[in-house]
Amino acid sequence: MKRVDLLKKVEEAGVIAVVRGKDKEEAIKAVDAIIAGGMKGIELTFTVPQADVVIKELVAKYANDPEVVIGAGTVLDAVTARIAIIAGADFIVSPTFDQETAELCNLYQIPYMPGCMTITEMKTALKAGADIIKLFPGSAYGPSIVKAFKAPLPQLSIMPTGGVSLDNMSDWFKAGVVTVGVGGNLLAPVETGDFNKVTEVAKEYMAKFNEIKGAK
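Residues numbered from 1 in each chain as written. Predicted model: local features only at pLDDT ≥ 70, side-chain atom pairs only at ≥ 80, totals over all residues. Heavy atoms only, no water.

A.B. asks: I tried to follow the environment of glutamate 211 on my own but got confused; where do I start?
C.D. replies: Among the secondary structure elements, glutamate 211 is positioned in helix H10 (residues 195-215). Taking the C-alpha atoms as reference, glutamate 211 lies 28 Å from alanine 63; in sequence the two are 148 residues apart. (Helix = DSSP H or I, 4+ residues; strand = E, 2+ residues; numbered from the N terminus.)

This is how it looks when you write it as structure tokens:
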């Protein structure tokens with residue numbers, strides 16, 4: 001089943017890179033650098049100009065790597081979600097929960113990960129068929145909140161984004177998240193055009209993730 005397979009790929013990727021960029025070229029270079037570092041999960045945000053074109057190109061480019069999973073981020077409405085899905089996006093991420101987007105993703109059997117901060121939002125998102133809840137911004141809470149959310153909703157799959165670092169990543173996984181989203185510190189070197197540094201940081205994240213996975 002397509003959706004189940006995609007969710008499995010997201011979980012196995014472990015760390016999802018949230019990629020922004022000032023233009024199409026910068027975003028593609030950043031993604032290439034991240035994947036070169038062994039990070040296979042990419043969330044290409046719709047704040048990137050021509051985001052759908054970028055997604056289409058990346059999906060074609062990495063079609064032969066079964067581990068690479070490319071989704072769309074900062075999807076604010078169902079229209080954008082449909083554009084992303086047509087471009088080949090494997091999953092849809094929103095900063096907030098949106099009912100119409102949830103329904104559209106259900107229709108096309110594409111995983112939907114809406115940003116939620118409260119237990120009420122999370123319950124609403126689960127009822128609408130959201131597969132993974134994006135805890136956003138994670139920095140507002142920290143890893144200890146996961147246990148509190150999962151106490152009344154043990155079926156909750158959480159992906160914290162914003163506030164995840166190499167230092168606290170293992171704390172998030174110990175707390176019970178299924179995957180994490182990273183952006184800022186991974187992509188900071190892009191500002192100076194240092195894509196080799198992006199690859200290095202991606203390698204560090206994946207080494208840390210594999211260490212966590214091995215310890216489980």
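A.B. asks: Looking at this structure, how should I read the nonpolar core?
C.D. replies: Here is a general trend for soluble globular proteins: nonpolar side chains tend to be buried in one another's company. Grouped together as the largest cluster of nonpolar side chains are 67 residues, with contacts concentrated most on Met39, Ile92 and Leu186. The element that contributes the greatest number of residues to this core is H10, accounting for eight residues. Dropping the residues within four chain positions of it, leucine 186 is found in contact with Ala17, Ile34, Met39, Val198, Val201, Ala202 and Tyr205. The next biggest cluster of nonpolar side chains, apart from the first, holds eleven residues, and it includes Ala13, Val69, Val93 and Ile132. (Core = buried A, V, L, I, M, F, W, Y, C linked by side-chain atoms within 4.5 Å. Buried < 20%, exposed > 50% of the residue type's maximum accessible area, 1.4 Å probe, protein only. Contact = heavy atoms within 4.5 Å.)

A.B. asks: Mind showing me how you'd approach the side chain of lysine 134 here?
C.D. replies: Here lysine 134 shows up in strand E6 (residues 133-135). Dropping the residues within four chain positions of it, lysine 134 is found in contact with Glu43, Val93, Ser94, Pro95, Met113, Pro114, Gly115, Cys116, Met159 and Thr161.

A.B. asks: Where do I start with the pairing of strand E5 (residues 112-116) in this structure?
C.D. replies: Across the five residues that make up E5, a large majority, five, are buried. In E5, alternate side chains face the same way, and those of Tyr112, Pro114 and Cys116 on one face and Met113 and Gly115 on the other are all buried. As paired elements, strand E4 (residues 92-94) and E5 share three bridges and run parallel to each other. Within the sheet, the bridge partner assigned to isoleucine 92 lies in E5 and is tyrosine 112. You can see the chain leave E4, run along helix H5 (residues 99-108) and come back into E5, and the turn it takes is right-handed. Sheet topology places E5 next to E6; two bridges connect them, and they run parallel. Its bridge partner being in E6, cysteine 116 is matched across the sheet by leucine 135. Handedness of the crossover joining E5 and E6 through helix H6 (residues 119-127) is recorded here as right-handed. (Pairing = 2+ DSSP bridges. Right-handed = clockwise from strand over helix to strand, strands pointing away.)

A.B. asks: Would you mind going over unusual backbone geometry with me for this structure?
C.D. replies: Excluding glycine, most residues fall at negative phi; most peptide bonds, likewise, are trans. Across the junction of phenylalanine 136 and proline 137, the peptide omega takes the value -10°, indicating a cis bond. Here proline 137 shows up in the loop between E6 and helix H7 (144-150). One non-glycine residue, threonine 74, lies in positive phi territory at about 50°. Considering the arrangement of structural elements, one finds threonine 74 in the loop between strand E3 (69-73) and helix H4 (78-87).

A.B. asks: Before we go on, may I ask you to explain the packing of aromatic side chains in this structure?
C.D. replies: By convention here, two paired aromatic rings are described through the distance between centres and the angle between planes. Counted by the stated rule, this structure contains three aromatic pairs. Pairing phenylalanine 97 with tyrosine 112 gives two aromatic rings, centres 6.4 Å apart and planes at 45°, and the pair type is tilted. Here phenylalanine 97 is found in the loop between E4 and H5, whereas its partner tyrosine 112 is found in strand E5, with 15 residues between them in sequence. Ring centres of phenylalanine 173 and phenylalanine 209 lie 5.5 Å apart, and the angle between their planes is 50°; this geometry places the pair in the tilted category. Of this pair, phenylalanine 173 sits in helix H8 (residues 169-175) while phenylalanine 209 sits in helix H10, and the two are 36 residues apart along the sequence. On the basis of relative accessibility, which here comes to 5%, the residue phenylalanine 173 falls in the buried class. We classify phenylalanine 209 as buried; its relative accessible area is 5%. Taking NZ or CZ as reference, lysine 134 lies 4.4 Å from the ring centre of phenylalanine 136, over its face. (Phe/Tyr/Trp six-rings, centres within 6.5 Å; stacked < 30°, edge-to-face > 60°. Lys NZ or Arg CZ within 6 Å of the ring centre and 35° of its normal.)

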